[in-house]
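Residues per chain, in single letters:
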Amino acid sequence: MSQPVVTGGAGFIGSAVVRALIAEGAARVTVIDNFATGRRANLKEVAGQVDVLEADLCDYESIAPAVEGAPVVFHLAAIPSVPRSITEPVLAHRSNVDGTFNLLLAAQRGGVGRVVYAASSSAYGDTEVLPKTESMAPRPKSPYAAQKLMGEYYASVFAECFGLETVSLRFFNVFGPRQDPSSPYSGVLSIFMKCILERRPPTIYGDGEQSRDFTYVEDVAALCLKAAQAGDVSGQVFNAGNGGRFTLNQVWRMLCEIEGVSIEPVYGPPRAGDVRHSQADLSAAAACLGHAPRFSLEEGLRRTLDWYRAQQFETSKS
Ligand code: UD2
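Rules used in this analysis
- Per chain, residue numbering runs from 1 following the sequence as it is written.
- For this predicted model, a pLDDT threshold of at least 70 governs which residues receive local features, and a threshold of 80 or more governs which side-chain atom pairs are given and counted, while totals over whole chains, interfaces and linings are taken from all residues.
- Working from all heavy atoms in the structure, the side-chain values ignore hydrogens and water.
- With a 1.4 Å probe rolled over the protein chains alone, any residue whose accessible area is under 20% of its type maximum counts as buried; one over 50% counts as exposed, and the rest are partly exposed.
- Runs of E in the DSSP output that reach at least two residues are strands. Runs of H or I that reach at least four are helices, and both are numbered from the N terminus.
- At least two bridges found by DSSP between two strands is the condition for calling them paired.
- Whether a crossover is right-handed comes down to one check: with the strands pointing away from the viewer, does the path from the first strand over the helix to the second run clockwise; if it does, it is right-handed.
- Multiply 1.5 Å by the residue count of a helix minus one, and that product is the helix's expected span.
- Every angle, taken between N-to-C directions, lies between 0 and 180 degrees, and every axis is a line fitted to C-alpha atoms, over only the stretch in contact when it is a helix.
- Small angles under 35 degrees read as roughly parallel and large ones over 145 as roughly antiparallel, with 65 to 115 read as roughly perpendicular and the rest as oblique.
- For any pair of crossing helices, the crossing counts as left-handed if the nearer helix is rotated counterclockwise from the farther one by less than a right angle, and right-handed if it is rotated clockwise.
- Two residues form a contact once any of their heavy atoms are found within 4.5 Å.
- By nonpolar core is meant a set of buried Ala, Val, Leu, Ile, Met, Phe, Trp, Tyr and Cys residues that side-chain atoms within 4.5 Å join together.

## Quick look at the pairing of strand β2 (residues 29–33)
Here comes step 1: Burial analysis of β2 places 5 of its 5 residues in the buried class, which makes it a mostly covered element.
Here comes step 2: Because side chains alternate across β2, one face comprises the buried residues Val29, Val31 and Asp33, and the other comprises Thr30 and Ile32, equally buried.
Here comes step 3: Sheet topology note: the strand β1 (residues 5–7)/β2 ladder contains 3 bridges and is parallel. Of the residues in β2, the one forming a bridge with Thr7 is Ile32.
Here comes step 4: Read as a crossover between parallel neighbours, the route from β1 over helix α1 (residues 12–23) to β2 is right-handed.

## Brief notes about helix α7 (residues 217–229)
Here comes step 1: Look at α7: 19 Å from first C-alpha to last across 13 residues, which is about the 18 Å you get at 1.5 Å a residue.
Here comes step 2: Every buried residue of α7 is accounted for by Val217, Asp219, Val220, Ala221, Leu223, Cys224, Leu225, Ala227 and Ala228.

## Focus on the packing of helix α2 (residues 60–67) against helix α4 (residues 89–109)
The axes of two packed helices give the description: the angle between them and the distance between them.
Here comes step 1: Running from amino to carboxyl end, α2 crosses α4 at an angle of 45°, the nearest separation of the two axes being 9 Å. Considering their axes alone, α2 and α4 lie oblique with respect to each other. You can see that α2 and α4 cross each other, and the crossing is right-handed. Contact residues: α2 offers Tyr60, Ile63, Ala64 and Val67, while α4 offers Asn102, Leu103, Leu105, Ala106, Ala107 and Arg109.

## Here's the deal with the nonpolar core
Here comes step 1: Counting residues in hydrophobic clusters, the biggest one holds 40 residues, and the most contacted among them are Val17, Val18, Phe74, Leu169 and Phe171.
Here comes step 2: Breaking this core down by element, the ones donating at least two residues are α1, β2, β5 (115–120), β6 (166–171), α7, β11 (236–240) and α9 (283–289).
Here comes step 3: Counting residues in each nonpolar core, the second largest holds 22 residues, with Tyr216, Leu255, Cys256 and Ile263 among its members.

Next up, the structure:
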């Protein structure tokens, strides 16, 4: 198959990569998704140019023909949640580790040109220094972090031992349109968006002074495409962040200001496996991949709010 493949392509980030590929001229894109968290609606704008294979990455026989000969595979399929990996460690391991291994094996045997792997900033754990650079020793604090790190290790070992070109991108708290706010495992900003539009307080776990490098989804999708093209990077790991750092309290206040309301959050106990502070050093990604994020946090928040507002309007019409 000569078209790019996106695993998890019906997901929030995966579908952004699909749209970016099509915007850059791909005639067709293959999506592999088991629809555990992905949704067909995420692909509706590009449905005519997407071939969807509904399959689990653990089902080698199903996925191998779909990746064979692909110029590039973007591997975004995962069960992406720190708390879920603690309540459902077996499910998360199967998806994040076994699924990744199977995908790499199928890619290597199928002569795939390159695999771009969605790794996670959670691999760093709590570092003494900020921002976090790729040369720091990883210190995973949750099963999810360990699983994502294992995927990175496998990606570089497949490059080293089997000659499969791979690049791992450590995503830093990606947010934006289409992120599903409906689960307790949802990303915090999608939950914040839903709360602010419904004019009710969010629950913040801990004191809200933990900080994140929130990264707008289109910037991450653009970086994925750059990582597919860049020369001389096989086997390497790069930060995929925005470079900023905001506490949850700050972000909630920004949202309140944008919406012109004042709502006090409710505070709950800290969450197991939570990293305290997170911020990406972008030098390596900028130098080797040409990473150049375009969206400030505020711009990303405004765009995302507009999208959720439009969804609310659609739902209220139907
Ligand atoms: C981790 C990774 C991120 C990505 C993600 C996938 C870090 C620093 N980041 O995100 O890169 O791989 O996993 O899931 O490890 N929270 C609340 N209230 C809520 C929900 C969350 O206060 O209703 C808090 C939560 O305790 C945490 C912060 O918000 O301190 C962010 O949580 P998250 O689940 O959005 O993402 P996080 O940081 O676990």
